[in-house]
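Next come the chains, spelled out residue by residue.
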Amino acid sequence: MVQIIINGLMLGATYTLIALGITLVFALMNVMNFAHGQLYVMGGFTVYYLYGEAHWPFPVALIAAAAVVGAIGFLLERFLFRSVLRRSKREETTMLLAVGTALLLDAVALAFFGEKQRGVPELVSGVIQWAGAFIPLRRLLTFAVAVVLGAGFLSFMTWTKPGRALRAMAQDREAAALHGVDLNRYGSLGFVLGAGLAGVAGALLVVTDSVNAGGGNVISIKAFIMIMIGGAGVVSGAIVGGFVLAFSESIGYAVIPGSMPYLIILTALIVYLIFRPTGILGKRWG
Amino acid sequence: MDTSRKFLLGFVAVLVVVPLLVQGSSYWLSVVINITVLSFLGLGVWLTFAIGRINIAQGAFALVGGYVTAILCTQFGWSFFIALPLSGLVAGAVGGLLGTAILRLRGVYFSMLTLCLTEAARLLALNWKDLTRGATGITGIPTPFQGDYAGLQTYFFDVLLLILGMQVVRRLMESRIGGIFRTIRSNEDLAASFGIPVARYRVLAFTLASFFGGIGGALLTINLQSIYPSSFTVVSSTNDMLYCFLGGLQSVIGPPLGAAVLFLGFQLLQVFGPWQSLVYAAAIIVTMLVLPNGLLSLMGLFPRRTKAAEVVR
C-alpha cells in the first residue's frame, strides 16, 4: 500500500511536468500540441547521447535536454505555428499542423536514433527501505528534481515579470497586447518553455525507464488523458491530472499486470467525461 | 450537370482506367486497392467533419469492423458478403453508443478523446483474448475472391463500394440533413437555438462515419486475410484524418484524392530509403502550409464557369 502511494507520487511529479508543458502551450496559443510526446522523446535521447554515451555529467545533460528541446520548440513556433496561427482562425488548421509536426518528429527520431529501446547507466544505485516500501534512489532523485523544476516553473509564472506577461496573454491576448506584451516574443517564450518542460520530463524518465523512437504517441496520449482529467489550459488542472493518472497507473499495475490498467483508465476517462466534459478544473471550452 | 457530378464522373473514369494501367503488376494493383479502401475510411472522417468535429478514432472502428469480419468468417464460417455489412452495422452501433457520450465534447477535447479511443480499442482487442485471440491475431481468413483474377475482382468490388459510399455521402450532404450538418458545423449553439435537435444529428453523423470505418476495416482485413490488435493504431487514425484534410473538405472527392496522393506518395518515396518517412512528413507539412484548404483548392486555380461560392462551400 505504501509502495503504491510512493510509486504514484514519484511518477506523478514527472507526469506533472509533461502536463504543465502541454497545458501552457494550449493556454497561450490555443494550440493542442500533438507533438508533445515526440518532444519528450527528443529530451530522452539528448540525455541518452550526452550522459549515456558521451558520459557528460547528468546535470549538464539535463540542462542540455531542456535547451535542445526548447530550441526545437522555438523553431516549430517561429517557422510553422506562427505563420499558420496568423493566417487562420480555424482551430483545426493548427491542430493538423501539430499532427504533422508529430509525424515529422517521429520520423526524425526513427531516422536518427533507430528503433532500439535505449537506457542509460544507473545515475545512483541503491534502494531505501522505508515503512515496508522499496524506493530506488534514482527514482527518489528524479522525483526531487521534478519537484524542484515544477516549483521553479510555477514560481517563475507567478512572481516574475515574464511569467506575469505569459499569464496575462493566456487570459486575454488582446488586453495583454494593449498593455505592452509583445505577443510574438512571449508566444515564442511560451512554446520554448512548454517544449523545454517536455524535454526535461523525457530526460528524467530516461533515467528510471528507457526511451525509444516510437514512444512519442504513448506519451502524447498520457498527456491528453492528464489534461482531460484536470482540464486544459489550467495550471492546477495539469497538476491534478498528472497525479491522478500517476496514481491510477501505480494502483492499476499493482492489481493487474499487463496492458489492462490502461484499458480501464481510458474507459473510466470516457465515462468521467460524460459527466464532466471540461475536466475537474477546466473552463468550458469552445 | 453540376461540378461535383462532373468530378464524380471523372473519378469513376479514373477508377476504371487505373487497373488497365497497372495490368499485370500485382504490387501496383494492391496499392490501388489499398488507396480505395483507405479512401473509404477517410470518407467517414469527412462525414464527422461535416458537423465540425475532427475525428481521430477511425482506426478504432476499422478495428471493430475488421474483427467482426474475421470472427464471422473464421469461427462461424459465414460468407464475407454477409459479414461485411454486419461489420459496418456493428461498428456503426458502437459508434452511435459512444457518440451519444463523447460528442458532447468539442474542439480539441473531442479530438484528443477520439485519439485515446483508438488506443483503447487496441488495448481491448489485446486483452479480450476469448474473442480476439489477443496478440496472436486471427489469420487465414478465407477470401471470397480466388483464382487468376482475384486482384481485379477485389479492386472492382472495393471501387464499387467506394463509389456507392461517395454517392450516399454526396446525396446526404445535398439533402436537408446535409444543410443541418453545415449549420451545426458553423455554430452548434445557434443551431440548437433554432430548435434543431443537435445531439441527434451529430450522433447520426458519427454513426455513419463509424459505419464507414467498420466497412473499411472489414475490407482491409479480408484483403490481408489477417487482423491483429495493432492492425489499426493511432497512426492509422491519424492517416485517415490526414487523407480527408489534405484532400480537401469542399467535396466528397477530397478523401479519395488525399488517400491517393498520400499513399502513392509514400510508396514512391521509397527511393529515399531510411529517409522515406522523414521526406513524407516534411512534404505533408509543406502541403499544409502552401495549401491550407487541401489539394482540392488547386481546382480554384482553373476557374471556369463555376461560381466561386460553390468551390468555397
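In this text, all values refer to a predicted model and were calculated from it rather than measured experimentally. (Residues numbered from 1 in each chain as written. Chains lettered and ligands numbered in written order. Predicted model: local features only at pLDDT ≥ 70, side-chain atom pairs only at ≥ 80, totals over all residues.)

A separate point is the overall build of chain B. A count of helical and extended segments in chain B gives 14 helices and two strands. Structurally, chain B occupies a C-alpha span of about 50 × 45 × 40 Å along its principal axes. The contacts of chain B with a sequence gap of at least 6 include a subset with a gap of at least 24, amounting to 78%. (Helix = DSSP H or I, 4+ residues; strand = E, 2+ residues; numbered from the N terminus. Contact = placed C-beta atoms within 7 Å.)

With that settled, consider the overall build of chain A. For chain A, the count of helices and strands is eleven helices and two strands. Listing every helix and strand of chain A by position from the N terminus yields α-α-α-α-β-β-α-α-α-α-α-α-α. Here chain A has a C-alpha radius of gyration of 18 Å; the compact-globule value for 286 residues is 19 Å, and the two agree. Dimensions of chain A along its principal axes, counting C-alpha atoms only, are 55 × 50 × 35 Å. Taking all 286 residues of chain A together, 52% fall into the buried category. Looking at chain A alone, contacts between residues at least 24 apart form 76% of all its contacts between residues at least 6 apart. (Rg over C-alpha atoms; globule rule 2.2 N^0.38 Å. Buried ≥ 20, exposed ≤ 12 C-beta atoms within 10 Å, placed from the backbone.)

A few words now on helix α7 (residues 150-174) of chain B. The end-to-end C-alpha distance of α7(B) is 36 Å, a good match for the 36 Å that 25 residues give at a rise of 1.5 Å each. Of all the positions in α7(B), only B:G151, B:T154, B:Y155, B:D158, B:V159, B:L162, B:G165, B:M166 and B:V169 are classed as buried. (Expected span 1.5 Å × (residues − 1).)

Bringing the interface of chain B and chain A into the picture now. At the junction of the two partners, chain B supplies 34 residues and chain A supplies 37 residues. Residue assignment for the side of chain B that touches chain A shows that the elements contributing at least two residues are α4 (80-102), α5 (107-127), α11 (234-247) and α13 (276-290) of chain B. It is α5(B) that provides the largest number of residues to the side of chain B that touches chain A, a total of 14 residues. Looking at the side of chain B that touches chain A, its residues break down into 26 nonpolar, five polar and three charged. (Nonpolar A, V, L, I, M, F, W, Y, C, P; charged D, E, K, R; others polar.)

Let us now look at the environment of B:G59. Residue and element names in this part refer to chain B. Among the structural elements, G59 can be located in helix α3 (residues 58-74). Judged by the 29 C-beta atoms lying within 10 Å of it, G59 falls in the buried class. Taking C-alpha positions, G59 is 28 Å from S175, a pair spaced 116 residues apart along the chain.

It is worth spelling out the pairing of strand β1 (residues 127-130) of chain A at this point. Residues and elements named next belong to chain A. Bridge count for β1 against strand β2 (residues 133-136) is four bridges, and the pairing is antiparallel. Among the inter-strand pairings, V127 is bridged to a residue of β2, identified as P136. Joining the antiparallel neighbours β1 and β2 is a turn of two residues, in which A131 adopts a positive phi near 55 degrees. (Pairing = 2+ DSSP bridges.)

Attention now goes to the confidence of the model for chain A. Scored by pLDDT, chain A has a mean of 84; 96% of the residues are at 70 or more. Mean pLDDT per element in chain A: β1(A) is the minimum at 77, and helix α2 (residues 36-53) of chain A is the maximum at 89. (pLDDT = per-residue confidence, 0-100.)

Residue and element names in this part refer to chain B. Within the secondary structure layout, Y155 lies in helix α7. Separated by 121 residues in sequence, Y155 and N34 place their C-alpha atoms 9.0 Å apart. The contacts of Y155, once residues within four sequence positions are left out, are P19, L29, V32 and I33.

Viewed as axis vectors pointing N to C, helix α4 (residues 91-113) of chain A and α13(B) meet at an angle of 160 degrees, and their least axial separation amounts to 8 Å. Put simply, α4(A) runs roughly antiparallel to α13(B). The handedness of the crossing between α4(A) and α13(B) comes out as left-handed. From α4(A), A:L96, A:L97, A:G100, A:T101, A:L103, A:L104, A:A107, A:V108, A:L110 and A:A111 reach across to α13(B), where they touch B:S277, B:L278, B:A281, B:A282, B:I284, B:I285 and B:M288. Its residues placed into classes, the contact of α4(A) with α13(B) shows 14 nonpolar, three polar and no charged. (Axes fitted to C-alpha atoms, helices over the stretch in contact; angles between N-to-C directions. Parallel < 35°, antiparallel > 145°, perpendicular 65-115°, else oblique. Left-handed = near helix turned anticlockwise from the far one by under 90°.)

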